[in-house]
Amino acid sequence: MKEQSQFITTEPLNSKGEAGEKLVWDAIRLAFAERKCLAYWRYPIFSPQGKFRKEPDILIADFDLGLIIIEVKAIQITQLASIQGHRWQYQNYYTSFGNPYQQAENQLFTLLEYIDREPLLKSQVKARVLVALPYITTQQWQQKKLDKLPTSPPILFSEHLFSIEKIVKQIQQTVLIASGGNLNETQWQL
């Protein structure tokens, strides 16, 4: 039986600069097509006081896996100069630095605050964060010794994107930020 899945693209993915993001989004849609899930490309999250807006690149609510936020960085390995803590230093890129994992983690915490307002969901939702690097392979990452850093985050590398099993397995193996539990049907609907 095919599970109920729904994919919502909140804005068109058609500019040249979004080719890497489209690669990841298309791979996620294939990998989760047979799962009970709801996934968004660029889901807007507003603070309760309206002071800020956060927008995860990819947000997945999966019945079994919980919430997953994926921050996409469509960079080449040569554009990543260094990683120091949460700060990624870029070269020959539109910005000189970024904090992709911390950014996605902050988005997740904001979303969990909303979810925890519902008594039946408080501390019940599993959640994890990954960074997707559609133009970088595991081998390139390792050659640059970035996998040896204590701050190396969970990553979906380019080779993961070509296999439904690899994508789901990589996500399943990602350490939970919120441990939650297994949702029942009522909790899922909430």
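Bear in mind that the values here come from a model prediction, so they are computed numbers and not experimental data.

Colleague: Could you give me a rundown of the nonpolar core, with the residues and numbers involved?
Modeller: Counting residues in each nonpolar core, the largest one holds 33 residues, and the members touching the most others are Leu67, Leu80, Trp88, Leu112, Leu133 and Trp141. Going through the elements one at a time, β5 (58-62), β6 (66-72), β7 (80-84), β8 (87-90), α2 (100-115), β10 (127-133) and β11 (155-157) are the ones with two or more residues in this core. Considering every element that reaches this core, the biggest residue donor is α2, with six residues. If near-sequence neighbours (up to four positions away) are discounted, leucine 67 is found in contact with Leu59, Ile60, Ala61, Leu108, Leu111, Leu112, Ile115, Val125, Lys126, Ala127 and Arg128. Counting 22 residues, the second largest nonpolar core, distinct from the first, contains Ala27, Ala39, Leu130 and Ile171.

Colleague: Report on helix α1 (residues 19-32), specifying residues and quantitative values.
Modeller: Between its first and last C-alpha, α1 extends 20 Å over 14 residues, near the 20 Å set by a 1.5 Å rise per residue. Turning to α1, its buried residues are Gly20, Glu21, Val24, Trp25, Ala27, Ile28, Ala31 and Phe32. Buried residues of α1, viewed axially, fall in a sector of 165 degrees; they line one side.

Colleague: Break down the sheet that holds strand β9 (residues 97-98) for me, citing the residues and quoting the values.
Modeller: Here we have three strands laid out as an open sheet, ordered β7-β8-β9, and antiparallel in their pairing. Of all strands in the sheet, those bounded by a partner on one side alone are β7 and β9. In the sheet, β7 pairs with β8 via four bridges, with the strands oriented antiparallel. Its bridge partner lying in β8, glutamine 84 is registered against arginine 87.

Colleague: Run through the sheet that holds β11, naming residues and quoting values.
Modeller: By way of backbone hydrogen bonds, the strands of a sheet pair with one another, either parallel or antiparallel. Pairing is mixed across the open sheet formed by six strands, whose spatial order is β1-β2-β5-β6-β10-β11. Two strands bound the open sheet, and with one partner strand each, they are β1 (5-9) and β11. Neighbouring strand axes in the sheet, compared pairwise and without regard to direction, differ in orientation by 20 degrees on average. The pairing of β1 with strand β2 (residues 37-41) spans five bridges and is parallel. When the bridges of β2 are listed, serine 5 appears paired with cysteine 37. Each of β1, β2, β5, β6, β10 and β11 is contacted by α1, which is oriented at about 165 degrees to β1, the strand it contacts most.

The rules behind each value
Residues numbered from 1 in each chain as written. Predicted model: local features only at pLDDT ≥ 70, side-chain atom pairs only at ≥ 80, totals over all residues. Heavy atoms only, no water. Core = buried A, V, L, I, M, F, W, Y, C linked by side-chain atoms within 4.5 Å. Buried < 20%, exposed > 50% of the residue type's maximum accessible area, 1.4 Å probe, protein only. Helix = DSSP H or I, 4+ residues; strand = E, 2+ residues; numbered from the N terminus. Contact = heavy atoms within 4.5 Å. Expected span 1.5 Å × (residues − 1). Arc of directions from axis to C-beta. Pairing = 2+ DSSP bridges. Axes fitted to C-alpha atoms, helices over the stretch in contact; angles between N-to-C directions.

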